[in-house]
Protein chains: 2
Amino acid sequence: MTDPLRIGIIGLGTVGGGVLKLLETNAALITRRAGRPLVVAAVSARNRTRERGVDLSAFAWEDDPVALARRDDVDLVVEAMGGEDGPAKAATEAALGAGKHVVTANKAMLAHHGQALAEAAEASGAALRFEAAVAGGIPCVKALGEGMAGNRITRLMGVLNGTCNYILTRMEAGGEPYAEVLEDAQRLGYAEADPSFDVGGTDAAHKLALMAALAFGTRVDFDGVKTEGIDQVRLADIAHAAEMGYRIKLLGVARMHGDGLEQRMQPCLTPAGSPIGKLEGVTNMVVLESDFAGRTVYEGPGAGAGPTASAIAADMIDIARGARTPAFGIPAAQLRAAPRATGGAPAAYYLRLALRDESGVLAKVAAALGAEGVSIHQMRQSADAAEGGEATVLITTHETHRDRLDAALSTIATSDVATGPAVAIRIEQL
Amino acid sequence: MTDPLRIGIIGLGTVGGGVLKLLETNAALITRRAGRPLVVAAVSARNRTRERGVDLSAFAWEDDPVALARRDDVDLVVEAMGGEDGPAKAATEAALGAGKHVVTANKAMLAHHGQALAEAAEASGAALRFEAAVAGGIPCVKALGEGMAGNRITRLMGVLNGTCNYILTRMEAGGEPYAEVLEDAQRLGYAEADPSFDVGGTDAAHKLALMAALAFGTRVDFDGVKTEGIDQVRLADIAHAAEMGYRIKLLGVARMHGDGLEQRMQPCLTPAGSPIGKLEGVTNMVVLESDFAGRTVYEGPGAGAGPTASAIAADMIDIARGARTPAFGIPAAQLRAAPRATGGAPAAYYLRLALRDESGVLAKVAAALGAEGVSIHQMRQSADAAEGGEATVLITTHETHRDRLDAALSTIATSDVATGPAVAIRIEQL
């Protein structure tokens, strides 16, 4: 098998442009490693004439991505267009339907349509691969789906959105409030103008759902990811967490329980000395805990043209070498539709409560928690927050179930002691 | 391809026993992921009757590992016997010669005979895989050979011997001298009774040589690894390094230069805040720096029955799925016999000198260094070390080439100011 693998690229923005650059820069090396040349045959993008700093004259041009996906001179389509539906999905379906391999960085599309696309790939004997969709340059899809294939995964964790980690790191290091750092991140191009996709946790939840499917042999269930963003995190929370030896991260966790699959993407307190607690800046991290390999940790750049192109190249080279493993590790028809875990694993929690600043209030809070079996580990009044008859009270609990905690917080919220909403942040032990 | 993959296991110690246990524990899961069952057909070990806590009655027994490797009912041989030559190599050759796949954890054998064995595998169309030979449970052979296949590797680094990292961590944390911690490590079973393989750096150098071949497409050149152990590292070095913001690690580095391949396994000062500087205990770490993916970091357990079995299982499942990538990523005949880099990259160094405690000595040292163009960054006399007319002087240099430094140290050693050998430890920036 030494014929060239003929590539068609859909989308010539950051990702597609990076792939073109990589294939050109490292052509000789890739040919040696893949055992055959990877040759770009055709490209498609929204705007043909936009200045990209790349010479496209050697490639056939298609205005229509679906037409590119059906070209006879294309064996593999790189879908670098993005978007959950629309032309990216149409082109992916067209390519797979025609028996052409697809390599994509599109987490939104796979989080919503992964099952159907995996089935389409297998029906036509094509490969569908998505290393670039999760954690950029870190080969964590490969580590999970192949490197850990002999293990039962006991817990999968990930810091999968560099923007959130950047914001939290800056808040902690500089004592700058959330809104200011977010504005700065937008100016630097780290965060989208509409930040909800990043800071709301959706982007990271897409990635977690893909990894969970690989880890547990289940159908992708993005709607089953309990997702909370970082916009409720205050400087006081970060400071208090630090005093207790924790750092706050937007952390994804997936675990299989007796009653179903737990998937969460939410701010968590993580031990400051743990690999996740030590993570800084825009770097991503994946932690895999398993029955034989124990804990393995993967760290690297989670986004950007180069890292994303690297991940796409790895998938292309695997396919050129003949790899045909199903998209989610096992045949799509065998992926189980797992129920969603009702409770999940118990955990300790950090609570921030806005309460009336008067005597007897703390006793009422303690009683409300106690009535639900939630026991208090530490309780203190925040030094900086008492004003106008209102006090901020910070509490850490012992291990409890979230539904018990929520019941207690609901009691507190409807009582006469609360002056604002309660914030509860899970403490995830590593 | 749903026929069982029939496994023969040679060696039933920690590694072989771990593989048996993994295949039994996770049989259903592995069958789903591999697309076919992995069934143990035959086993071989030195002593048939030894109590292993495993029921071997379902497997055919061979006293002779070569006979096992040739059995008609074996498709894949797990070589878990160890040893650079002898029966492990004979059985591996027999298996590959008969067209049977080999999965091995044997770094010594591959470091010395990797080229010949890779050629033998390709001649018969068999796969030869060795994820378990490097960094135990961390899938770093896969990350390097597949995950980073689209990249030019600019620097490969690894902390690849858990025993050494355990000893250095304990020395630093507890202020215990090398000899005491080593004795303790031996008692805990972390270090061999003959510790030279671990603390002398040989074991880690074997692993580095295998990774370098994968990274640079070169023939394995174990003899080309400049190897120094950790036995010269003193508590004073660790303390002084810490004051300057560094920690001492036995660090492997491989890099390709214009004049050839640089491979080193030696104690280095690494920045305390870097991933390698933060590493604790027996954990292993691999850092891959590359032109597109940037820096990716891999961390996990470097040894033990479970992690090693996990790595062997990953290779077996890959083979069951049809993977036939050459052992070192490209066909053995195309691996280049790279010359050895003469100088390597320049670096700053930490120096510990035993000198006469009298005036004028420091000036002579500075002159000797200056004569070779080695410029001093910091120089101080160790507070705890002056006694009996002898002083310990600690120096850090600016970036220099090792041959210049060695020339200067040779001048100092043969002068009348030195009272003992000089120690030079490289400062590796991350």
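Parameters and conventions
Residues numbered from 1 in each chain as written. Chains lettered and ligands numbered in written order. Predicted model: local features only at pLDDT ≥ 70, side-chain atom pairs only at ≥ 80, totals over all residues. Heavy atoms only, no water. Helix = DSSP H or I, 4+ residues; strand = E, 2+ residues; numbered from the N terminus. Buried < 20%, exposed > 50% of the residue type's maximum accessible area, 1.4 Å probe, protein only. Areas by Shrake-Rupley, 256 points an atom, 1.4 Å probe, with all protein chains shown as cover. Lys, Arg positive; Asp, Glu negative; His and termini not counted. Charge placed at Lys NZ, Arg CZ, Asp CG, Glu CD. Right-handed = clockwise from strand over helix to strand, strands pointing away. Pairing = 2+ DSSP bridges. UniProt positions renumbered as here; feature names shortened; annotations may be inferred. Contact = heavy atoms within 4.5 Å. Buried area = accessible area lost by both parts, 1.4 Å probe. Salt bridge = Lys/Arg side-chain N within 4 Å of Asp/Glu carboxyl O. Polar contact = N/O pair within 3.5 Å; in protein donor to acceptor, adjacent residues only side chain to side chain. Phe/Tyr/Trp six-rings, centres within 6.5 Å; stacked < 30°, edge-to-face > 60°. Least-squares fit on C-alpha atoms with pLDDT ≥ 70 in both.

For the rest of this paragraph, the subject is the overall build of chain A. In terms of helices and strands, chain A carries 14 helices and 16 strands. Summarising its shape, the C-alpha atoms of chain A cover approximately 80 × 45 × 35 Å along the three principal directions. Counting over 430 residues, chain A shows a buried share of 59%. For chain A, the accessible area works out to roughly 15700 Å², and carbon and sulfur atoms hold 49% of it. Separation between the mean location of the 41 positive side-chain charges and that of the 52 negative ones in chain A comes to 5 Å.

Turning next to the pairing of strand β5 (residues 101–104) of chain A. Residues and elements named next belong to chain A. In β5, alternate side chains face the same way, and those of His101 and Val103 on one face and Val102 and Thr104 on the other are all buried. Where the polypeptide runs from strand β4 (residues 76–79) across helix α4 (residues 86–97) and back to β5, its parallel neighbour, the crossover connection is right-handed. Of the pairings in the sheet, the one linking β5 to strand β6 (residues 128–129) comprises 2 bridges and is parallel in character. Pairing of Val102 across the sheet is with Leu128, part of β6. In this fold, the crossover linking β5 to β6 by way of helix α5 (residues 107–124) has right-handed handedness.

Residues and elements named next belong to chain A. Strand order across the open sheet formed by 6 strands is β3-β2-β1-β4-β5-β6, with parallel pairing between neighbours. Pairing within the sheet leaves two strands with one partner each, and these edge strands are β3 (60–62) and β6. As defined by bridge partners, β4 adjoins β5 across 4 bridges and the pair is classed as parallel. Looking at the pairing, Val77 lines up with Val102 of β5.

Once that is clear, we can look at the UniProt feature "binding site: NADP(+)" (unreviewed entry) in chain A. Residue and element names in this part refer to chain A. Here, the residues flagged by UniProt with the feature "binding site: NADP(+)" (unreviewed entry) are Ile10, Gly11, Leu12, Gly13, Thr14, Val15, Gly16 and Gly17. Counting through the fold element by element, Gly11 comes out in the loop between β1 (5–10) and α1 (14–25). Classification of Gly11 by relative accessible area gives buried; the value is 8%. On the secondary structure map, Val15 appears in helix α1.

Take the interface of chain B and chain A next. Listed by partner, the interface residues are 51 residues for chain B and 51 residues for chain A. For the chain B and chain A pair, buried surface summed over both sides reaches about 3900 Å², with 52% attributable to carbon and sulfur atoms. Summed over the three residues of chain B that lose the most area to chain A, namely B:Arg32, B:Arg33 and B:Phe292, the buried surface amounts to 20% of that side. Across the chain B-chain A interface, the total number found is 2 salt bridges. Of the charged contacts, one joins A:Lys142 and B:Glu146 as a salt bridge, the two residues approaching to 2.7 Å between their closest N and O atoms. In this structure, the connection of chain B to chain A is made through 21 residue pairs in polar contact (both at pLDDT 80 or more).

Time to look at the packing of aromatic side chains. All names here are of chain A. Scanning all chains against the criterion turns up 3 aromatic pairs over all chains. Between Phe130 and Phe328, the aromatic rings sit 5.2 Å apart at their centres with planes inclined by 45 degrees, giving tilted as the arrangement. One end of the pair, Phe130, is in the loop between β6 and α6 (140–147); the other, Phe328, is in the loop between α12 (305–321) and β13 (348–356), and 198 residues separate them in sequence. Look at Phe130 and you get buried, because its relative accessible area is 2%.

A few words now on the relation of the copies chain B and chain A. Overlaying chain B with chain A gives an RMSD of 0.0 Å, the required rotation being 180 degrees about an axis along which the chain moves by 0.0 Å. Accordingly, the operation relating the two chain copies is best matched by a two-fold axis. If distances are taken from each C-alpha of chain B to the rotation axis, the shortest is found for B:Tyr298, at 2.4 Å. In this assembly, 100% of the residues forming the interface of chain B have copies in chain A that are likewise at the interface, indicating an isologous arrangement.

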